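Observations on chain architecture
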Amino acid sequence: MSIKLSKLFKSASLLSVLAIAIAGCGTKPAPAPDANAGKKPAETTTAANSLEQIKKAGKIRVGLMGTYAPYNFLNEKHEIDGFDADVAKAVAKRLGVQVEFITGEFSGLIEGLQKDKYDALVSQVTITEDRKKTMDFSTPYVKNAVNVVVKSDNTTIQKLEDFKGKKIGVGLGTNDEKYLRDVAMPKVGTFEIATYNDVITSLKDLNVGRIDATINNVFAIKPLVEKNQFKVKAVGEPIKEDFAGIAIRKNNPELLDAINKALAEMKTDGTFKEIFQKWFGVDPNF
């Protein structure tokens, strides 16, 4: 091969490489149009349509314990009954839907709400600033006074300050548990906290002396104490007062407004007073 012809081949090869490189740097094909362009994220869209979805389904899924008489419990017909249940039914009626009650331990209710297992919680969920960060609450529908509860023959515990060195029972994941840990213990000194998934077990343990005291709403423990003939009593003045509301996932303004409107109507037309008197024998306490 002549020197000139060899140079020609080299030149041709160089041109081919350059052509390929230039082609690789050229304009890429335009991407396919984004079908979701301009739309809100799926989570936001779902949240905004929660009320619409509930009405379309014809039901609202309500989470509650089902073991907290007289607020919510299983009656003799194995149906969910109680104050919370009646409030939920009355709210649902005003939303134009039925109620589907789904029971669970209190410690898992809030997580279940976040995971869309429930549309709302009507289970004496205390309204707190911490909880407001992760869920929205309706206007309060009940005020609960919390008392110290001890065995009937106990004379050593009369107030919160007497908890030091004692074993105190409380509901797992409740606002009362948080109160004992964050408020009571720093105030009165160290004591042992025993947690329970239901009220009946804590009262049984108190009745036989496995714990020295518990704290709870007197309305809540009264039917259990009477039915089981527990030898326990409430002592002293209430250690705190809480307000409970209907809890829903955050960023559901339409659903929250509809629930608040329903509660307001119930208070105006006497429905709420009727429900309160049915379960507690007294007029609403706020």
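Please refer to the structure placed before this passage.
So, here's what we can say about the structure.

Conventions used here
- The numbering scheme is per chain: residues are counted from 1 as the chain's sequence reads.
- Thresholds applied to this predicted model are a pLDDT of at least 70 for local features of residues and 80 or more for the giving and counting of side-chain atom pairs; totals over whole chains, interfaces and linings are not thresholded and use all residues.
- Side-chain figures throughout are based on the complete set of non-hydrogen atoms in the structure, without hydrogens or water.
- In this scheme, strands are said to pair when DSSP sees at least two bridges between them.
- Secondary structure is summarised from DSSP: a helix means a run of H or I of at least four residues, a strand means a run of E of at least two, and numbering begins at the N terminus for each.
- For the exposure calls, accessible area comes from a 1.4 Å probe over protein chains only, and a residue counts as buried if that area is under 20% of its type's maximum, exposed if over 50%, partly exposed in between.
- The directions from the helix axis to the C-beta atoms are what the arc is built from.
- Every residue pair with non-hydrogen atoms within 4.5 Å of one another is taken to be in contact.
- Nonpolar cores are built from buried Ala, Val, Leu, Ile, Met, Phe, Trp, Tyr and Cys residues. Side-chain atoms within 4.5 Å join them into one set.
- Between 30 and 60 degrees the pair is tilted, below 30 it is stacked and above 60 it is edge-to-face, where a pair is any two Phe, Tyr or Trp rings, Trp via its six-membered ring, whose centres lie within 6.5 Å.

A word on the sheet that holds strand β3 (residues 72-74). What the three strands build is an open sheet, ordered β2-β3-β4; its pairing is antiparallel. Looking at the sheet topology across the chains shown, the edges are occupied by β2 (67-68) and β4 (80-81).

Now for helix α5 (residues 106-114). Helical geometry: 3.6 residues make up each α-helical turn, so side chains three or four residues apart lie on a common side. Residues of α5 that are buried include every one of F106, L109, G112 and L113, and no others. The buried residues of α5 occupy an angular sector of 100° when projected down its axis, which confines them to one face. For α5, the elements touching its buried residues are β1 (59-64), β6 (120-121), α6 (129-132), β7 (135-137) and β13 (247-249). Downstream of α5 by a residue or two, D116 has a phi angle that is positive, lying close to 70°.

F83, V87, V91 and Y141 are the most contacted members of the largest nonpolar core, which has 59 residues in total. Setting aside residues no more than four positions away along its own chain, V87 makes contact with Y141, L263, M266, F272 and I275. Membership of the second largest hydrophobic core comes to 18 residues, among which are V150, F163, V188 and I239.

Here we take up the packing of aromatic side chains. One pass over the full model with this rule turns up 13 aromatic pairs. Here F73 and W279 contribute two aromatic rings whose centre-to-centre distance is 5.8 Å and whose plane-to-plane angle is 80°, an arrangement assigned as edge-to-face. Linking F73 in strand β3 with W279 in helix α11 (residues 271-280), this pair joins segments that are 206 residues apart in sequence. Each member of the aromatic cluster is reached from another via a ring pair, and the members are Y68, Y71, F83, Y141, F219, F272, F276 and F280.

This next bit is on the environment of Y118. As for its placement among the helices and strands, Y118 is situated in the loop between α5 and β6. The exposure class assigned to Y118 is buried, which follows from its relative accessible area of 2%. Here the alpha-carbon distance between Y118 and L64, two residues 54 residues apart in the chain, equals 9.4 Å. Among all residues touching Y118, those that are not within four sequence positions of it are R61, V62, G63, I102, T103, L109, G112, L113 and R249.

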